[in-house]
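Descriptive analysis of the structure
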Amino acid sequence: MEEYVYILREDMYNEWAWENGATNLISVSHNLDTILGDMKKHLIMEKEEDKERVIGYDIENQDIDSIMQNVEFELSRASVFSVAIYVNEEDYDNGKESGVLVIEEMRVK
């Protein structure tokens, strides 16, 4: 039986981070539910930090629970999925992500 681990990380793109490939490791677990819970906490924290933030690729749908449902659905079909974070609507309109939260499933050898 193959064993998997799930990784939640934030790839940061704004300012110096873009040039240096900065990544923040948020969580690692064998349990996908743990990773999904950590992602939800992180998305809530992003919105609480600044109400101007745009989460995900649909500016019309900023409901964290809906975003998380989409994450779960997409992860059922792929081993990697990401959610973009934009500082504000102007950055969203210009495609300038400040970072991306990434969940990746990795096989343990």
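Residues numbered from 1 in each chain as written. Predicted model: local features only at pLDDT ≥ 70, side-chain atom pairs only at ≥ 80, totals over all residues. Heavy atoms only, no water.

Where like charges cluster on the molecular surface, the negative patch consists of Glu52, Asp58, Glu60, Glu89, Glu90 and Asp93. Position of Asp58 among the secondary structure elements: in the loop between β3 (54–55) and α3 (64–75). Relative accessible area serves as the criterion here: at 38%, Asp58 is assigned to the partly exposed category. (Patch = residues over 30% accessible without salt bridge, like charges linked within 9 Å, V, L, I, M, F, W, Y side chains within 5 Å. Areas by Shrake-Rupley, 256 points an atom, 1.4 Å probe, with all protein chains shown as cover. Salt bridge = Lys/Arg side-chain N within 4 Å of Asp/Glu carboxyl O. Lys, Arg positive; Asp, Glu negative; His and termini not counted. Charge placed at Lys NZ, Arg CZ, Asp CG, Glu CD. Helix = DSSP H or I, 4+ residues; strand = E, 2+ residues; numbered from the N terminus. Buried < 20%, exposed > 50% of the residue type's maximum accessible area, 1.4 Å probe, protein only.)

This part covers the environment of Ser79. With respect to the helices and strands, the residue Ser79 is situated in the loop between α3 and β4 (80–86). Taking relative accessible area as the criterion, Ser79 reaches 34% and is therefore assigned partly exposed. Linking Ser79 and Tyr6, residues 73 residues apart in sequence, is a C-alpha distance of 9.2 Å. Discounting residues that sit within four places of it in the chain, Ser79 has contacts with Ile103, Glu104 and Glu105. (Contact = heavy atoms within 4.5 Å.)

Everything listed here is a matter of geometry and, on its own, says nothing about what the molecule does.
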